[in-house]
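As a plain string of letters, each chain reads:
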Amino acid sequence: TNASNGVINVGTMLVDGTVALTTNGNGAATIVNDAGLNFAASTVGGALTATATTGNITDSGALAITGTTTLTTSANDATITLDNTSNAFTGALTITTNDASGTDADVTIDGGTTAVIIAASTIDGDLTLTTGHASGITDSGNVVVGGNFSATTDDNNGVINVGTMQVDGTVALTTNGNGAATIVNDAGLNFAASTVTGALTATATTGNITDSGNLAITGAAVFTTGATGSNIELDSSGNAFAAAVTL
């Protein structure tokens, strides 16, 4: 659409090739495809709502989405991979994938140099997030991750601040420069190899805090378990805590 905040609303598409969406002003875009969705370079001035009925959601060009982004794969084990390093998601992302019997419906999002905000989402697989923005990676609703969670800031001293996570697998955190990391998980916390170059604040609401990989924490580290009888066992031989550790 090229005028008057025009919208795109196509709900019965059968596209075998790529999909490129461009809206004017604050125009929103909604698309439902019968198979997967392979986004070519797209610029949506409003909200983007995209559903792949029987396949994966991928990108072959950069996505610039000014409004919120809602991504859904309906098929069992279908994945979402939007990993173009020039992507720009200004609004929050709401993501849903499905795996009826396991954790193979993975999601990978690269926000380029814009902050990544995850709204209430359910990912039946791994969730991998990357951004180079100083505001880093945050959440604005409960984020259910059936697999492993990995969050990386790769520029501008980007921070990680996720306080409503529900991760069943491991957690790997990597920050750039002096970026701090804060995570609150609804159950336990099992840290995979992580490098936090600022402070780390980690809370396990109902379980233990453990490590399955080495932790390299430059700033102060604070570990908290909320449930009576929960343990903190960070015993990987390669752990490196450069500052004070508070338990």
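Going by the structure above, here's the rest.
Residues numbered from 1 in each chain as written. Predicted model: local features only at pLDDT ≥ 70, side-chain atom pairs only at ≥ 80, totals over all residues. Heavy atoms only, no water.

Asks: Account for the environment of Thr43, naming residues and giving values.
Replies: Note on placement: Thr43 falls in strand E5 (residues 42–44). For Thr43 and Ala62, which are 19 residues apart along the polypeptide, the C-alpha to C-alpha distance reads 8.5 Å. Setting aside anything within four residues of it in sequence, one finds Thr43 in contact with Leu21, Thr22, Thr23 and Ala64. (Helix = DSSP H or I, 4+ residues; strand = E, 2+ residues; numbered from the N terminus. Contact = heavy atoms within 4.5 Å.)

Asks: Could you give an account of the nonpolar core, with specific residues and numbers?
Replies: Within soluble globular proteins, side chains that are nonpolar tend to cluster in buried spots. Phe39, Ile109, Phe149, Leu173, Ile183 and Phe191 are the most contacted members of the largest nonpolar core, which totals 51 residues. Top element by residues in this core is strand E20 (residues 160–167). It accounts for four residues. Setting aside its immediate chain neighbours within four residues, Ile183 contacts Phe149, Val162, Met165, Val171, Leu173, Leu189, Phe191, Thr201, Ala202 and Thr203. (Core = buried A, V, L, I, M, F, W, Y, C linked by side-chain atoms within 4.5 Å. Buried < 20%, exposed > 50% of the residue type's maximum accessible area, 1.4 Å probe, protein only.)

Asks: Residues and numbers for the pairing of strand E6 (residues 48–52), please.
Replies: With four of five residues buried, E6 is to be regarded as a mostly interior element. Inspection of the sheet shows strand E3 (residues 29–33) paired to E6 by five bridges, in the parallel sense. Directly across from Val32, in E6, lies its bridge partner Thr51. Bridge analysis of E6 against strand E9 (residues 69–76) gives five bridges, and the strand direction is parallel. Pairing of Leu48 across the sheet is with Thr69, part of E9. (Pairing = 2+ DSSP bridges.)

Asks: Hey, could you go over the packing of aromatic side chains for me, with residue numbers and the actual values?
Replies: For the structure on display, the rule yields two aromatic pairs. Plain terms: the ring middles of Phe223 and Phe241 are 6.2 Å apart, the flat faces sit at 85° to each other, and that makes the pair edge-to-face. Pair noted here: Phe223 is in strand E28 (residues 221–225) and Phe241 is in strand E30 (residues 240–241), with a separation of 18 residues, a long-range link. A residue is classified by how much of its surface remains accessible, and Phe223, at 1% relative accessible area, is buried. (Phe/Tyr/Trp six-rings, centres within 6.5 Å; stacked < 30°, edge-to-face > 60°.)

Asks: Describe the environment of Ala180, listing the residues and the values that go with them.
Replies: Its place among the elements puts Ala180 in the loop between strand E21 (171–174) and strand E22 (181–185). Take Ala180: its relative accessible area is 28%, and that puts it in the partly exposed class. Along the chain, Ala180 and Leu200 lie 20 residues apart, while their C-alpha atoms are 6.0 Å from each other. Not counting residues within four places of it along the chain, the set of residues in contact with Ala180 comprises Gly158, Val159, Ile160, Thr175, Val196, Gly198 and Ala199.

Asks: Tell me about the side chain of Asn87, and please be specific about residues and values.
Replies: Positionally, Asn87 belongs in the loop between strand E10 (80–82) and strand E11 (88–89). Separated by 2.8 Å, the side chain of Asn87 and the backbone nitrogen of Leu63 make a polar contact. Contacts of Asn87, omitting those with residues within four sequence positions, involve Asp59, Gly61, Ala62, Leu63, Leu82, Asp110, Gly111, Gly112, Thr113 and Thr114. (Polar contact = N/O pair within 3.5 Å; in protein donor to acceptor, adjacent residues only side chain to side chain.)

Asks: Tell me about the sheet that holds E5, and name the residues and values.
Replies: Hydrogen bonding along the main chain pairs the strands of a sheet, whether they run parallel or antiparallel. Strand order in the open sheet made by the three strands is E5-E8-E11, with parallel pairing throughout. At either end of the open sheet lies a strand with only one pairing partner, and these are E5 and E11. With three bridges joining them, E5 and strand E8 (residues 63–65) adopt parallel strand pairing. Bridging from a neighbouring strand, Ser42 pairs with Leu63 of E8.

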